[in-house]
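# Coordinates in review
Residue strings, one per chain:
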Amino acid sequence: MARLGDKLRTTFRRLALLMRRSHLDDELRDEVALHLELRRQSLIDAGVDPREASVQAQRMFGNAMAIREEMRDMWGFPSVDTLVQDFRYGARLLRRSPTVTLASVASLGIGIGLSASVFSLADVMLLQKLPVPAPDRLVAARWRSGPAFPFSSLNGNASQNDEGLSSTSFALHAFREAQSRAAAVIDLVGFADLDRVNLSIAGMAELGEAQAVSGNYFSALGALPSAGRVLVESDDRAGAPPAAVIGAALWKRRFAGSQPVGQPITINGSPFTVVGVMPASFHGAGQVGSSPDVYVPVAFRSQVVREENDETDPNFWWILMMGRLKPGATLEQAQAPLDAAVRETVRGARPDMAEKDLPSVQVFSGAYGQVEVRDGVRDPLRMMSLVVSIVLLVACANVANLLLARGRARLRELSVRIALGASRRRLIRQLLTEAVLLAVCGSALGLVAARWITAALLPALNSGPDPMAIATGLNLRVLVFVAVLASACVVLVALVPARRATNVSLVSGLHEAGRGPARGRDRRGVSTSLVIAQITLSMVLVATALLLVQSIRQLQLVELGFKPDHLLTFKVDPTLNGYPQERVLTIYANILDRLRVASGVRGATLSSHTLISNSSSIRLAARSDEPIPDRAGAQSAAYSSTHRAFQLAIDPQFFSTMGIRVERGRALADGDRKGTPLVAVVNYALARQLFNADDVVGRRFRTEMQADAPVYEIVGVCTDALYTSVRRSKPPTFYVPYQQGHADSMTFEVRTDGEPTAFAATARAIVREVDPNLPLFRVQSQEQQIASSVRRERVFTQLASWLGVLTVTISAIGLYALLAYAVSRRIGEIGIRMALGARRADVRWMILRQSIVVAAWGLTFGIAASVVGTKLLAALLFNVAPRDPITIGLAAGIMLVVSLAAGYAPARRAASVDPLIALRAE
Amino acid sequence: MGKKKRDRQELLPGTLDMLILKTLSRDVMHGYGIAEHIRQMSEEVLHVEEGSLYPALQRLQLQGLIASEWGHSINNRRARYYRLTRAGRRQLGESESSFARLIDAITRVMRPA
């Protein structure tokens, strides 16, 4: 306690000193002056010569400067005081070399901004846990099976590889069974995305995201409502009053913050009552960051989603499982009952399945949410993280090099200051302050840059047809982390020149700073390695950018097989409103009729899928005269891969509107409708796959593996066209009249005279005339659709190109600085060489050679790194090999040219040295 | 620098503070006076590098062991006079006794030889 009291008192006295510190300097000066005067007097009295006396008095006093420094350190808070001074001095120095400063701050800022935004995205999408109490106690389940499908219909994602199938969707039956069997160890909840629904509140309709959840969903997750109540078990029963909970976003958007509890809400035509509102912090059990607009009980799914599948059908798999472990229970304990429940229900529903093909359940931590999309973003995010780390590294290396060069340039200044009595610690602190100043400016710029970089990057990751709504506020935590990391790098590297500069003996420091031979080869080792590292990393980025640019060019050169220009596309889905089929077909026919007579329209048609949107309908297609293989047989998996075809339901005018030629037989006709024989137009690819011939008009094929399955007659053969993606080849496709099948949502394609998007307003008006309750969605031109399908590639390409140029520039500056410094130190040596008869060309070559040696090392490492690194790009590349030797060679060539260019100015300067002047300076 | 230290004794570390406190225990003095007093009392054996006196004075002030005020010297120059505080006097007592113990111990070790 006493010590604390002392400390406090000392602090207080310091504060008192601080108050009057403007006087302190003067007082000290007076005091010292008096001392010297009195000493001089006493020396004179002792008989010393008056002139000699002042000098001797000074000597007896010692180093007045060092003493003042030492005392200033005690005034107030020494660190603060000298810090301010150091900052001022540092800022002045930085201002004095604006180019270097700007280059450092800009490269740091961009490096920090980029890394912060990419790491923020990675943090939200891959690393953050669900914002619910004790997320680590959550468990999620997925299943794996052999190649045979254990279901007849699946709503959700499944991934298939050589070994079999895997998915997170289960049958409702299996979920209920698992829920009761595992009740002792886990509180199991079920939920499923209902995707886009038509939400109508107070007579205004809009599209929103809905989720069906089991009655225990909210209580098991531990989520509390911000208003009203959550859904409970008694809501999740057939016959219960229809209740819905809404998300914070919908509440703000549609209820303008007013009391929504008790209000009616119509979801896809079915009335519900809002019973509660979830806070914005609740993200459901899915992707962290995304939030559904509305939650309804599982028992009410069929009221919202109208489709042929009965959700209680054990062969329809659609619900996702997640659960909270009971206190004391472990993940492993949950596995067995879930596995048993699912196997048993599948065995009951599919007696034909072999025991080895039955799916097995795996449980894993549910802390990060139950998401399938995550796998899709993992690789791009990893790649982006890698790329931005490279940029950050190059930026740090550059700042390090600039500081190193400056430290050397200031060797003499520092030696002089040491000679005048400045302490080493003080000098090091001064140099560190400058580094910190750079880092702080860079971080500030990074903060600004990170905001718009995040906005620019999100579309690259999120380019699916239904982008995840992800709340990605810039993550402050990550930003601080990156800024601290970069600052630490800068400060660490600043220590090297600081220590080096203050470690020299005075004489050699003063001497060496002025002139001297190029003795410091070892001293330049650090800088040279940094520049080599920069060139290496830059070359990897240049190679990456070149590969991506080539890939994009390849994508643009792809021949589509249809004409994408002057084409407006939009979707409508009358089935969301629960209309019967006849009414849906009538609506479609009416819209088409009106579109075709609108002015500025050259043709209008519709199709079940938007072309180049990564959505498609994949069917089996087999000649009707081919024997049907045993369904459970071993060849069944192989059979389905050789008999796969893409189906597109269309309006007859699709071919003429899209510019796909029907070259044999006839196109579809309006007469092909329900009740008339099933007809199809196939493309050449399918004709060859089925019959190994082009002329197949009149032949037949079936799309199911049953003897009594319907059979399509081929009435025409058309040219091949792309369907799902520009990255795929033109698939075997058959076109069927949409009136002959089940029609749900449709994409309209309108060929216009003018700019297609300008027609959107007219299209809206026409649809509204036909049915005012029908929203249009995904309104865009076909070219926009194609562009957005390769948006990820495009954004990556732009990003890589930008960063490539940036890092190359930074590296060039680094190399230039290195050589310029070398030349400035070797001027004396160069003078001697020239005096001894070296020609200017020899001198120029001497410097250029140094640049080439450094570049050669960088390129050697760069080529090796590119060969390894660009493999990560494979998923993004189209028609370009990741290790394309020409591209890597080109990247190396670019780097070599840039290196020579960076070396040219210093080389010229060296060659223009006048031996007379250089030697006189010696 | 080296040659003037030839026949002078370096101070034991930490003893400067004690010498200052002892000097001030008799009288109020300015910086030069303190330096001069130490030099004379030690018969010019103990040599304080005079400049280093001032940081020490400031440190003692911060520790509350001495206090200072501005006054006028004999020949009417403005000077800062230092005096011992109560805490300083107490500290001096402690330093003196621990120093005496130290010297005692050293002497006992050295004597038998």
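Residues numbered from 1 in each chain as written. Chains lettered and ligands numbered in written order. Predicted model: local features only at pLDDT ≥ 70, side-chain atom pairs only at ≥ 80, totals over all residues. Heavy atoms only, no water.

## Describing the sheet that holds strand 2 (residues 66-72) of chain B
Residues and elements named next belong to chain B. One open sheet accounts for 3 strands, arranged 1-3-2; its pairing is antiparallel. Looking at strand neighbours, the two that pair on one side only are strand 1 (29-30) and strand 2, the edges of this open sheet. Where strand 2 meets strand 3 (residues 78-84), 7 bridges bridge the pair, whose relative direction is antiparallel. Following the sheet pairing, A67 is matched in strand 3 by R83. Across the sheet, helix 1 (residues 15-24) lies against strand 1, strand 2 and strand 3, angled at about 95° from strand 3, the strand it touches most. (Pairing = 2+ DSSP bridges. Helix = DSSP H or I, 4+ residues; strand = E, 2+ residues; numbered from the N terminus. Contact = heavy atoms within 4.5 Å. Axes fitted to C-alpha atoms, helices over the stretch in contact; angles between N-to-C directions.)

## Considerations on the confidence of the model for chain A
Residues and elements named next belong to chain A. Per-chain confidence: chain A averages 81 in pLDDT, with 87% of residues scoring 70 or above. Scored below 50 in pLDDT, residues 463-471 shows 23 contacts in the model against residues more than four places distant or in partner chains. Low pLDDT, under 50, characterises residues 513-522; the stretch is placed with 13 contacts to residues that sit more than four places away or in other chains. (pLDDT = per-residue confidence, 0-100.)

## Quick word on a nonpolar patch on the surface
Residue and element names in this part refer to chain A. A contiguous nonpolar surface patch, about 610 Å² in accessible area, is contributed by L447, V448, W452, L476, V480 and V484. Put simply, the parts of the chain that give the nonpolar patch at least two residues each are helix 14 (424-461) and helix 15 (476-503). Here L447 is to be found in helix 14. A relative accessible area of 34% means that L447 is categorised as partly exposed. (Patch = residues over 30% accessible without salt bridge, like charges linked within 9 Å, V, L, I, M, F, W, Y side chains within 5 Å. Areas by Shrake-Rupley, 256 points an atom, 1.4 Å probe, with all protein chains shown as cover. Salt bridge = Lys/Arg side-chain N within 4 Å of Asp/Glu carboxyl O. Buried < 20%, exposed > 50% of the residue type's maximum accessible area, 1.4 Å probe, protein only.)

## Some words on the interface of chain B and chain A
Contacts between the two partners involve 27 residues from chain B and, on the opposite side, 24 residues from chain A. For the pair chain B and chain A, the two sides together bury roughly 2400 Å², of which 57% comes from carbon and sulfur. Considering only the side of chain B, the residues that lose the most area to chain A are B:Y32, B:Y54 and B:L62, jointly responsible for 30% of the buried surface there. In this structure, A:E31 engages B:R80 in a salt bridge whose closest nitrogen and oxygen atoms are separated by 3.2 Å. Linking chain B with chain A are 12 residue pairs in polar contact (both at pLDDT 80 or more). Contributions of two or more residues to the side of chain B that touches chain A are made by helix 2 (31-41), helix 3 (53-62) and strand 3 of chain B. The element best represented in the side of chain B that touches chain A is helix 3 of chain B, accounting for 6 residues. (Buried area = accessible area lost by both parts, 1.4 Å probe. Polar contact = N/O pair within 3.5 Å; in protein donor to acceptor, adjacent residues only side chain to side chain.)

## Section: unusual backbone geometry
Residues and elements named next belong to chain A. The phi dihedral of N268 falls on the positive side, at around 50°, and the residue is not glycine. Along the chain, N268 turns up in the loop between strand 10 (264-267) and strand 11 (270-277). Among the residues examined, N268 registers a relative accessible area of 2% and is labelled buried. The backbone of I612 sits at a positive phi, close to 55°, despite the residue not being glycine. Tracing the backbone through its elements, the reader meets I612 in the loop between strand 16 (601-607) and strand 17 (617-620).

## What about the nonpolar core?
Residue and element names in this part refer to chain A. I265, I267 and V296 are the most contacted members of the largest nonpolar core, which totals 52 residues. Top contributing element to this core by residue count: strand 6 (residues 186-201), with 7 residues. In this structure, I265 is in contact with L199, S200, I201, I246, L250, S270, P271, F272 and V274, ignoring residues within four places of it in sequence. Of all hydrophobic cores here, the second largest spans 45 residues; its members include A649, F691, V767 and V770. (Core = buried A, V, L, I, M, F, W, Y, C linked by side-chain atoms within 4.5 Å.)

## So, the packing of aromatic side chains
All names here are of chain A. Counting across every chain of the model gives 22 aromatic pairs over all chains. When the centroid spacing of 5.1 Å and the interplanar angle of 70° are considered together, the rings of F701 and F734 count as edge-to-face. Remark: F734 occurs in strand 24 (residues 733-737) and F701 occurs in strand 22 (residues 700-702); sequence separation between them is 33 residues. In this structure, F701 and F734 share a single accessibility class: buried. Cluster of aromatic residues (ring-pair linked, three or more members): F191, Y217, F218, F282 and Y295. (Phe/Tyr/Trp six-rings, centres within 6.5 Å; stacked < 30°, edge-to-face > 60°.)

## Observations concerning the side chain of A:Q739
Residues and elements named next belong to chain A. Summarising the element assignment, Q739 is placed in the loop between strand 24 and strand 25 (746-752). Judged by relative accessible area, Q739 falls into the buried class, the value being 7%. Excluding residues within four positions of it along the chain, Q739 makes contact with L585, D672, R673 and K674.

## So, the pattern of salt bridges
As a working rule, side chains carrying opposite charge can pair if their charged atoms are close by. All names here are of chain A. Evaluated as defined, the whole model comprises 30 salt bridges over all chains. E344 is the salt-bridge partner of R181, the closest N and O atoms lying 2.7 Å from each other. With R181 in helix 7 (residues 172-181) and E344 in helix 11 (residues 331-349), this residue pair connects regions lying 163 residues apart in the sequence. Classification of E344 as partly exposed rests on a relative accessible area of 41%.

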